[in-house]
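The residues making up each chain are set out below.
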Amino acid sequence: MHTAPEPEPRAPRPALVFDDPLDQQTSDDTDRGWGERPEGDSAADLKRFLDEKPPHHL
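Not measured: the values here are computed from a predicted model.

1. Concerning the overall build of the protein chain
Okay, step 1: The number of helices and strands found in the protein chain is one helix and zero strands.
Okay, step 2: Relative to its full complement of 58 residues, the protein chain shows a buried share of 0%.
Okay, step 3: For the protein chain, the exposed area adds up to about 6700 Å²; of that, 56% sits on carbon and sulfur atoms.

Written out as structure tokens, the structure is:
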């Protein structure tokens, strides 16, 4: 006797959200991720400054 294969379980559909998106804080609204670096020594800061200095600032 041949049995029918069981249907594969489906993932639940995402719910529709009708909240105002401007009420939510985004990652751009925080200070995190805007180029901050962990505290370092002044020699590393000078090296970074010299490496990233535009050519017209010689």
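2. Here's the deal with the pattern of salt bridges
Okay, step 1: Taken as a whole and judged by the stated rule, the model has two salt bridges.
Okay, step 2: Measuring nitrogen to oxygen at the nearest pair gives 2.8 Å for the salt bridge that ties Asp51 to Lys47. Highlighted residues: Asp51 and Lys47, both in helix α1 (residues 42-52), separated by four residues, approximately one helical turn. With respect to class, Asp51 is no different from Lys47; both count as exposed.

Criteria and cut-off values
- Residues numbered from 1 in each chain as written.
- Predicted model: local features only at pLDDT ≥ 70, side-chain atom pairs only at ≥ 80, totals over all residues.
- Heavy atoms only, no water.
- Helix = DSSP H or I, 4+ residues; strand = E, 2+ residues; numbered from the N terminus.
- Buried < 20%, exposed > 50% of the residue type's maximum accessible area, 1.4 Å probe, protein only.
- Areas by Shrake-Rupley, 256 points an atom, 1.4 Å probe, with all protein chains shown as cover.
- Salt bridge = Lys/Arg side-chain N within 4 Å of Asp/Glu carboxyl O.

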